[in-house]
Amino acid sequence: QIVLTAAYTLHEPGLKGVINIYGPADMVWGYAHPANPLVLNSCKLMEDYLGGTYAQIPEQYVASSGTEMLTASSVPTAA
């Protein structure tokens, strides 16, 4: 997540694009559409990482989503 945040907010002139491999891009969507808990309890993982459920701290989920940082001038991104 740090890479997506840096790619879209630091405005590094040499950056030509971003490839996101398995990194969360939209924490809000990910919480609303969790993985099969028998494979990965993704909601619990996000709750531990961000410090609460989406209902408790929705602003943290939004702030941690790279998709919220995209603008028309953002570098090309592949996920």
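Our subject is the structure that appears above.
Rules used in this analysis
- Residues numbered from 1 in each chain as written.
- Predicted model: local features only at pLDDT ≥ 70, side-chain atom pairs only at ≥ 80, totals over all residues.
- Heavy atoms only, no water.
- Helix = DSSP H or I, 4+ residues; strand = E, 2+ residues; numbered from the N terminus.
- Buried < 20%, exposed > 50% of the residue type's maximum accessible area, 1.4 Å probe, protein only.
- Contact = heavy atoms within 4.5 Å.
- Areas by Shrake-Rupley, 256 points an atom, 1.4 Å probe, with all protein chains shown as cover.
- 1 Å grid on protein atoms, 1.4 Å probe; cavity = no way out; pocket = protein on both sides within 12 Å on 5 of 7 lines; lining within 4 Å.
- Points joined across faces, edges and corners; volume = space filled by probe spheres on them.
- Nonpolar A, V, L, I, M, F, W, Y, C, P; charged D, E, K, R; others polar.
- Arc of directions from axis to C-beta.

Observations regarding the overall build of the protein
Turning to step 1, where the next piece is worked out: Helix and strand counts for the protein stand at four helices and two strands.
Turning to step 2, where the next piece is worked out: When its helices and strands are written in sequence order, the protein yields α-β-α-α-α-β.
Turning to step 3, where the next piece is worked out: The dimensions of the protein, computed from C-alpha atoms along their principal axes, are 40 × 25 × 20 Å.
Turning to step 4, where the next piece is worked out: Counting over 79 residues, the protein shows a buried share of 25%.
Turning to step 5, where the next piece is worked out: The contacts of the protein with a sequence gap of at least 6 include a subset with a gap of at least 24, amounting to 53%.
Turning to step 6, where the next piece is worked out: For the protein, the exposed surface amounts to about 5,500 Å²; the carbon and sulfur share of it is 64%.

As for the layout of surface pockets
Turning to step 1, where the next piece is worked out: Empty space within the largest pocket amounts to approximately 340 Å³.
Turning to step 2, where the next piece is worked out: In this structure, the largest pocket is lined by 16 residues; those nearest its centre are P24, M27, G30, S42 and M46.
Turning to step 3, where the next piece is worked out: Its residues assigned to classes, the lining of the largest pocket shows 11 nonpolar, four polar and one charged.

Here's the deal with helix 3 (residues 42–50)
Turning to step 1, where the next piece is worked out: Of all the positions in helix 3, only S42, C43, M46 and L50 are classed as buried. All buried residues of helix 3 fall inside an arc of 100 degrees around its axis, so they share one side. What points out from helix 3, more than 90 degrees from its buried face, is the exposed set L45 and D48.
Turning to step 2, where the next piece is worked out: Elements that come into contact with the buried residues of helix 3 comprise helix 2 (27–32) and helix 4 (58–63).

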